[in-house]
Each structure stands twice: as C-alpha cells, then as structure tokens.
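# Per-entry structural report
In case you want the letters, here they are:
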Number of protein chains: 6
Amino acid sequence: MTIAVYPGRFDPVTNGHLDIIRRAAKLFERVVVAVYDAPERPTLFTAGERVALIRESIQDLSNVSITSFHGLVVDFARRQNATAIVRGIRKNADFEYEFEMALMNRKLAPDIDVVCLMTDLQYQYVRASLLREVARLGGDVTSLAPPNVITALRAKQGQRKS
Amino acid sequence: MTIAVYPGRFDPVTNGHLDIIRRAAKLFERVVVAVYDAPERPTLFTAGERVALIRESIQDLSNVSITSFHGLVVDFARRQNATAIVRGIRKNADFEYEFEMALMNRKLAPDIDVVCLMTDLQYQYVRASLLREVARLGGDVTSLAPPNVITALRAKQGQRKS
Amino acid sequence: MTIAVYPGRFDPVTNGHLDIIRRAAKLFERVVVAVYDAPERPTLFTAGERVALIRESIQDLSNVSITSFHGLVVDFARRQNATAIVRGIRKNADFEYEFEMALMNRKLAPDIDVVCLMTDLQYQYVRASLLREVARLGGDVTSLAPPNVITALRAKQGQRKS
Amino acid sequence: MTIAVYPGRFDPVTNGHLDIIRRAAKLFERVVVAVYDAPERPTLFTAGERVALIRESIQDLSNVSITSFHGLVVDFARRQNATAIVRGIRKNADFEYEFEMALMNRKLAPDIDVVCLMTDLQYQYVRASLLREVARLGGDVTSLAPPNVITALRAKQGQRKS
Amino acid sequence: MTIAVYPGRFDPVTNGHLDIIRRAAKLFERVVVAVYDAPERPTLFTAGERVALIRESIQDLSNVSITSFHGLVVDFARRQNATAIVRGIRKNADFEYEFEMALMNRKLAPDIDVVCLMTDLQYQYVRASLLREVARLGGDVTSLAPPNVITALRAKQGQRKS
Amino acid sequence: MTIAVYPGRFDPVTNGHLDIIRRAAKLFERVVVAVYDAPERPTLFTAGERVALIRESIQDLSNVSITSFHGLVVDFARRQNATAIVRGIRKNADFEYEFEMALMNRKLAPDIDVVCLMTDLQYQYVRASLLREVARLGGDVTSLAPPNVITALRAKQGQRKS
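One structure accompanies this document, and this report is about it. (Residues numbered from 1 in each chain as written. Chains lettered and ligands numbered in written order. Predicted model: local features only at pLDDT ≥ 70, side-chain atom pairs only at ≥ 80, totals over all residues. Heavy atoms only, no water.)

### Focus: the pattern of salt bridges
To keep it simple, the criterion reads: One side-chain nitrogen of Lys or Arg within 4 Å of one carboxyl oxygen of Asp or Glu is enough to make a salt bridge. Helix and strand assignments follow DSSP, with helices taken as H or I runs no shorter than four residues and strands as E runs no shorter than two, numbered in order from the N terminus. Categorising residues by exposure relies on relative accessible area from a 1.4 Å probe, with only protein chains included: less than 20% of the type maximum marks a residue as buried, more than 50% marks it as exposed, and the intermediate range marks it as partly exposed.
Taken as a whole and judged by the stated rule, the model has 48 salt bridges over all chains. Linking E:Arg78 and E:Asp111 is a salt bridge whose minimum nitrogen-to-oxygen distance equals 3.4 Å. Within this pair, whereas E:Arg78 is found in helix H3 (residues 73-79), its partner E:Asp111 is found in the loop between helix H4 (92-108) and strand E5 (113-118), the two being separated by 33 residues in sequence. For E:Arg78, a relative accessible area of 37% translates into the label partly exposed. The exposure class assigned to E:Asp111 is partly exposed, which follows from its relative accessible area of 42%. Salt bridges sharing partners connect three or more residues here, namely A:Asp19, A:Arg23, A:Asp120, B:Arg106 and B:Asp113.

### Examining the sheet that holds strand E2 (residues 30-36) of chain D
Convention followed: One bridge is not enough; two strands pair if DSSP finds at least two bridges between them. Axis geometry follows a simple rule: fit a line to the C-alpha atoms, using only the stretch in contact for helices, then measure angles between N-to-C directions, giving values from 0 to 180 degrees.
In space, the 10 strands of this open sheet follow the order E3(C)-E2(C)-E1(C)-E4(C)-E5(C)-E5(D)-E4(D)-E1(D)-E2(D)-E3(D), with mixed pairing throughout. Single-partner strands in this sheet number two, and they are strand E3 (64-69) of chain C together with strand E3 (64-69) of chain D. Strand-to-strand, the axes of this sheet are offset by a mean angle of 30°, without reference to chain direction. The sheet contact formed by strand E5 (residues 113-118) of chain C and strand E5 (residues 113-118) of chain D spans 3 bridges and is antiparallel. Within E5(D), the residue paired with C:Val115 across the bridge is D:Leu117.

### Comments concerning the relation of the copies chain B and chain E
To keep it simple, the criterion reads: Copies overlap after least-squares fitting; the atoms used are the C-alpha atoms of residues with pLDDT of at least 70 in both. The contact definition used throughout considers only heavy atoms, calling two residues in contact when any of these lie within 4.5 Å.
When chain B is fitted to chain E, the residual RMSD is 0.0 Å, and the transformation amounts to a turn of 180° plus an axial shift of 0.1 Å. Read as a symmetry element, the transformation amounts to a two-fold axis. Relative to the rotation axis, the C-alpha of B:Leu121 is the closest in chain B, positioned 3.4 Å from it. When the interface residues of chain B are mapped onto chain E, 100% of them again fall at the interface, so both copies present the same face.

### Section: the relation of the copies chain B and chain A
Rotating chain B by 180° about the axis while translating it 0.0 Å along that axis superimposes it on chain A, leaving an RMSD of 0.0 Å. Most of the interface of chain B is mirrored in chain A, where 100% of its interface residues again form contacts.

### What to know about the pairing of strand E4 (residues 84-89) of chain D
Residue and element names in this part refer to chain D. Buried residues dominate E4, accounting for 5 of its 6 residues. Pairing of strand E1 (residues 3-8) with E4, which is carried by 2 bridges, proceeds in the parallel orientation. The residue bridging Val-5 from the neighbouring strand is Ile-85, located in E4. Relative to E5, E4 runs parallel, the two being bridged by 6 bridges. Within E5, the residue paired with Ala-84 across the bridge is Asp-113.

### Brief notes about the interface of chain B and chain A
As a reminder of what qualifies: Two parts placed together each lose some accessible area under a 1.4 Å probe, and the buried area is that loss summed for both. Here a polar contact means two N or O atoms within 3.5 Å. Within protein one must be a hydrogen donor candidate and the other an acceptor candidate, and residues neighboring in sequence count only if both atoms are side-chain atoms. Only Asp, Glu, Lys and Arg are considered charged, only Ala, Val, Leu, Ile, Met, Phe, Trp, Tyr, Cys and Pro nonpolar, and every remaining residue, Gly among them, polar.
Facing the 29 residues of chain B at the interface are 29 residues of chain A. Interface area, chain B with chain A, both sides summed: about 2500 Å², of which 58% is carbon and sulfur. In this assembly, chain B and chain A are joined by 2 salt bridges. In this structure, the salt-bridge partner of A:Asp113 is B:Arg23, at a minimum N-O distance of 3.0 Å. Connecting chain B to chain A are 9 residue pairs in polar contact (both at pLDDT 80 or more). Elements supplying a minimum of two residues to the side of chain B that touches chain A: helix H1 (15-27), strand E4 (84-89), helix H4 (92-108) and strand E5 (113-118) of chain B. The element that contributes the greatest number of residues to the side of chain B that touches chain A is H4(B), accounting for 8 residues. Partitioned by chemical class, the residues of the side of chain B that touches chain A number 14 nonpolar, 5 polar and 10 charged.

### Digging into the sheet that holds strand E2 (residues 30-36) of chain A
Overall, mixed pairing links the 10 strands, which are arranged E3(A)-E2(A)-E1(A)-E4(A)-E5(A)-E5(B)-E4(B)-E1(B)-E2(B)-E3(B) in an open sheet. If you trace the sheet from one side to the other, it starts and ends with strand E3 (64-69) of chain A together with strand E3 (64-69) of chain B, each paired once. Taking the axes of each pair of neighbouring strands and ignoring which way they run, one obtains an average angle of 30° across the sheet.

### Here we look at unusual backbone geometry
Cis rather than trans, the peptide bond between C:Asp11 and C:Pro12 has omega equal to 0°. Relative to the helices and strands, C:Pro12 is located in the loop between strand E1 (3-8) and helix H1 (15-27). For A:Asn81, which is not glycine, the phi torsion reads 60° and is therefore positive. Residue placement: A:Asn81 occurs in the loop between helix H3 (73-79) and strand E4 (84-89). Non-glycine residue E:Phe10 carries a positive phi angle of around 50°. One can find E:Phe10 in the loop between strand E1 (3-8) and helix H1 (15-27).

Pasting the structure below:
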C-alpha cells in the first residue's frame, strides 16, 4: 500500500490545495495532509484552525486524513510509513524551490520519494498569501477557496481590524 | 490498482531513465514503459531495439512491462487502464515543456494525471542526445548508461561510420 | 492614433492568438495582424491561407486588418506607421525569446515599442505546432482553434496522408 | 480614449521607472502613475514624498498624472476609467511575479488588461531597493535616478544615520 | 597576478562554499574570502566566528586568505587590488540574482569582473539557511558542512534553545 | 600559469564574443579561442574563415590565440594544458544549457573547471544566428559585429542569393 504525505502550511487551504489533495487521493491508497505547525513563524490561523478548515472541505474523501506536525517532513513521513511526499506545482519559481527541497529530503530519507502533481490551470495564480492579501483589501475571493474558508477568513480579518 | 505509464523515446535508455523507472516501480502497482515509435522522426535505434535495451536493464522489476506505441500518449494510457503518466524531471527547461504537455494531456484526458518524479542528482546532466553525442566524439560514457546500452551504442555508431 | 502590429506565423491561427488580437483591439486604435511569409521555412498553410483563416475569425472587429509581410518586423511596422508591436506571452520560455527580440527590435527601431499581453489562462498550453501535432495524431482539438481552422486543418492533414 | 494606470511603490522612483512612464505616455492617451500607499509595510519615503519626486521628474509629459492610492490596483484602475495596467519588466523573476498578479487581476477585473513594457537595457539592473542599498553603502548612484531623487535619498539617509 | 575576491555571508560556511573556494584557488593566484559583516541584518554566527570557521576548514590552501568587510563588495575588491569577484552558482534562481548584482557591480567598478563557478553536483541543494533550519529541526547535516562547523552549529543552536 | 579555452562555433564572431574574449584575456595568462569545426552541422562560414575573422578582430591581444578543433571540448582543453573553459552567459536560457554542459564536462574531465563570464549589457541580445538573420533581411547590424565581419557577412550573403 502506497501512503503519501502532502505537507504544507495551509494558511488557509485554497482551492489549489484541494485540487492537489483530490488528485493525490486518486493516485495513492492513503493520503495524509500534514499541516506544518511551526510556532516560530506567525500564521493567520492556528494549526488547529487550519486542520479543521481542511477537514470540513474533504469529508467525501475516505482515504485522506489530516494532522498537524512539527519537525522535519521526512521524519513525519517515516512515522506515517509513507513512501511518497506529494507537492503541488504551479509555476517555475515553485519548481526551483521544490527541486531543492526534494534533493535535501532525498539526502535525509532516500527511501521516500517526492512526487510533483500539477495544479489545475484555473488555480495557477492562487496561493494562500495572495488570497489573504486580496481578501484583506476587499477583493472578491469566493472562487479561490471553499465557502467555509472564505467565512473564516472574513471573521479572522474583521476581528483583526477591530 | 494504480497503473502508471512512463512514455519516452529512450534512444537509447540512460541511467537517468532507469532511475525514474525504479522510483515509479516503488510507487505504483504496475508501470508500463512506453517507447514512442514515431517513424516520421529518425532515431538511432529502432523501436524494437529500444524496447529490448530497456528490457535487459530491468529484469529484476516484476511490476514493470515495456512496449512500443504510436499516436497520443493519453490514448495509449487509456488502453492500458492507466491513471498516471510518469515524467522524469531534471531541470527547469524540462519542467516548462512538461508543464505545457501536462496541461494539453489533461485537456485531452482529464481522468489521467501527470506525475513528475525528480531524477537523481548524479544523473542531472544525462540525456539521451548528449549521451549519443559524447559517445560519438569518443568520450567515456560508461557511467551514464548500463553496459548493454554502451555496447549497443558502440556497435551502432561504429557501424554508421564504416 | 496608436497603431499596433501583431506579427506571427499563425500556422494556423489558434484561440490563443485570437485572444491576443481581441485584447489588442480594445487597447489600440488600429491593429494590423502581420502574417510572416518566409518562403525559406516551410509552413503547413500558405501565407494566403493563413491570412484567410484569421480574417474569417475576426470579422466582428472593425479596427483590425490582416496582411502578410516578409523582411524585418520593424520595417513592416514603420511602413504601417505603427508605434507598437504586440506580442502574446504564455510562459517563461516565451518571455525569454520575446525579451531578446524586443531588445534587437528596439536597437533597429527605437521609435517602436514592444508591448506584451498575457494570453488567457485557458490557452496557456495552446501553440500552433502542438495543435498541428495533436490533430495529426487524432486528438480532439475543437476547443483550441475556431471551427473554420479545425476544418481546414483536417482537410490539409487528410490531403497530406493520401 | 485608452487610459493606463502604472502602479508601484516607487520608493523612490528610478530611471528605470521613468523609462517605463515615458514609453507608456507615447502609447496611451492618458497615464496615471499610481503610488501605492500601504501603511502596513514601511517605506523610506512617505507616499507624499514619493509622489512629489515623480512629479518633479516628468513635468514635460502633459498626459501623465500622479496620485497615491491604497486598496486593490484594479479598484483604483476602475475608478480612473482605465482599461490598461502598465507593468515594466526587467528580467525573468519579474515576469513570473507579474504573470501571477496579471492572472489574479484579470480574475478580479476582466475588463482591465495588463500590458507589459520592457525596461531599457541600460536600466536592467536598477531597482529601488538596490538603489537604496548601494546609496546607503556610499556607492555612486547618480546614473540610476534623476538628480532630485539622488539629493532626496542623500538627505533621507543622512538624516537616518544621525 | 590575478587576485579574486569571494564575498558572502557564510553563516556558516558549507561544503558548497568550500567547493567554490577550492576551485577558485586553482584558477587564481590569490583568493580573498570576504565575510560580509553587516550589523543591520542579524546572523547566527558573529563575523569573527564565521571567519574562524572558514579558516579552520582551508588550512591547506596557501593562496587563500579570509577577512571580514563591510560596505560595497567592489570597494573592498579594489582595496585588495582584485580584478575578479568569484560567485558560486547552484541553480537558476541564484543565477538571476547574480546577474543583476554583476551588472550593478560592473557599473560601479568596470575594471573588476564577475566570474561564476558552478558548485559541484553533490552540493546543489546545500545553502546556509537550509543547513541551519535542518540542523535546528534535528536532521542529519554531517555531509553538508565540515566537522568544525557542525560542532559549532550544534553548540550555537543548543545554546539558543536553553 | 592558468590557461583558459573559450570554445564556440563563432559563425561569425560577434561583438558579444569579442567582449568575452577581452574579459578572459584580462583574467587568465593565456586564452585559446577554440573554433568548433563540426562538418556534420552546416555553418555559413568555413572553420578557416571563422578563425580568420576572429584573428583580425583581436590583433591587439598578445595572450590570445585562435585555432579550430573537433571532438570533445575537454579533450582539446587537455591538449592545451588548460585548466579552465570559459563560457559567456547572456541570459537564463543560456545558463541552463551551460550548466548541463558544465556538469557533463566535469564528469569527463574533473581537472578542468568551467568559468562563466557575463556578457556586457549592450550585447545581451546579440547572438550569431540572430545577427545572420537580421543581416539577411536587410537590417542594420553595424553595431553588433566588427567591420571586417560585417563586410564578410554581406559578401557571403550576397553570394548566396545570386
């Protein structure tokens, strides 16, 4: 059985991330979405909130689980008995970074392979930091993330202003 | 069961290709190496020769088969009941081309996903056309392809000169 | 009045090209689509056919004209009193080439500026050579070019085989 | 009449920015230079200072106006009845970022198009942050920005040290 | 006699840096490793510590000296009578940045040339910030830097936690 | 003494090539310009003509010699006792190709290092194939190559037409 880990910050999850999760769920027997909980770098949503927002969005996928982690991705992947780390790629700049990380991860854990899936064309310009910024400036982001995320984002950003 | 197709010209197969085949064989239940037989574009080795050179190199992999094909990759993949097309990536320029082809393939066959694996660091500079050229100019290519391929390459290139 | 020239081989015109023509027609007073007629490099369609296929596709755009040319783009642009050369950009590799050509053109004609427009997301993977190849291999290309082009492509490629 | 907005932080305006403004002023009927006033991200010059430095540098261009704005670029562009957003491009990395922003802006405002102009060769290495850093370290930057900007930069950086 | 300066932050020196120093030492008569001491940007190791860690690692190279500097690289290079600035390149993103800096440096000091050497394949994924992060998360970094650096890194990071 | 080889096709030599030769001549004790004579790939000028055009252009450089070669660059470099292969880099696409070749050359000859120099800004868009094409179409190329090359190019291209 091939188990794949899909790690990220997911601050918050976007339709681009969900697209990759659905693709991975079709290719692998089990997919573990791994929410990076790194307290030293501030996030808009807590790790718990980020896990919950993903969970609400993929209730129909029976072979996907979500959990937060800290430390090295490869150590987490080993504890999950995973043999693949999934990464979504949108464009060149992404690829360069992924390539470097893949080489480092392969050095640290030769038994786990990095698998790159390509995000759907319609989500090429969607990344979490841009989603947060456009939402903060009052732009319409309803097509970039699922409804529960949009609602949470508005609540969080409204809360911040007051 | 996830079946993956790994298409290419393999003229001839290199250690870089074999690295990707071995990685794919660990991730997927069955891997079909698909040798592109396009008579309109000349190759050094015939399709039959290219299939045989790969077959000799991966006899230890029980879940890998090799076959030649022509026409669209996605049509071949569908006939094999594959849900993944595997591509090996070495560097940026590769990625750009792969990205474009992945989008076109997705348009033609939304049910089949493209999966990119990253070639091992030591094979980053190995591609079949460079292998052929260095061999033709008398360079030492023994670390770039398996022994049977090196032998066949020398025979073929010697044959050509005479 | 700003006149813009949009040069290319258009062998044949794709939905990506038409997307750029429509964008240019909104930005500039007059747009001249310039079909490059370079007899030394073979094309599937004659220059006359390429002009006709574009003309049929943009009959609703009153400020766009189509003509074939040979020689340097900047010389043609000057004869049209154009101050802009329009280029459509799809991805990085395109951009590098365009950048180099823009610098050369600027050297040859400092009074004419190169303007890059970005092709719509849905046409990112559409280029004429890939369109021709997928059509030749029997793939469904109806969403990549207008109906008159698809018909002409089938006629031309059927004709070639027989 | 085609109105174009040229947005940026301009902290401070460089000869590269001025090159793009002059190119845009020749292509479009009216150009609005839009100085991004985002109090949450610190700048060396205030928005008012950045507007004034540009204004002093382009007094000879009768169809260019300068104003500061906050919020989304596309919302500002709409209020100006603009149909084009102008961006200057220097190199690949710029292009990738611009491409992503162009796609996001197109999603937010399909009626406004992004137009990329290429900075003159001699300003390829000029960006405001590098200008600030080289000036701070005592390098000669007189060819990278107009005299009023150089004077203001020295005053501001001298002021900071004391 | 060609004197080359190899500038960087070296926070701390990695096997990739040392690979470049050794390559430069074979090409040039004298190599000055220049440790950038910029107090305004925090580093893990002090400038003195960074100089010492490099010195310990290259005691066998008689034509290499190490010193810290602040200000512009080209001003430092001139004071050393250097005619070359050496830069190690790992991948594309590196190259873009180096290209821009090379153009700026050439403007500031036309008499000093930038020379790019390519890091060995096995160190392509090694950069100091990634080394620090992997070490902090408990990963095995013994193959990425010399023993004295690994020891110093553990001491520094252990010290920080307590 | 560091001897450097600068290999290329030089069909014909451009001002960009000459810029790199002059930079290399300042950095290394001896520079050997190596004109690639590969009869299997057609060139506009013969190897002898290409050597002569370079020789005429650099008579003032006493430490530069020019010769034609065939076979592998690293084999030629070894016969010259060279420890460096010089490459000029203009932009990203160049860099990717150079990187791959550098890795292959390092595999074939670990004792010879590849050194990349950056072409002057004003020659960024100059490459021999573009020079030939613009000249053929009647464009003014006098600033892209030295006078003797321009004269030879006109003679050769006029000769071809008749």
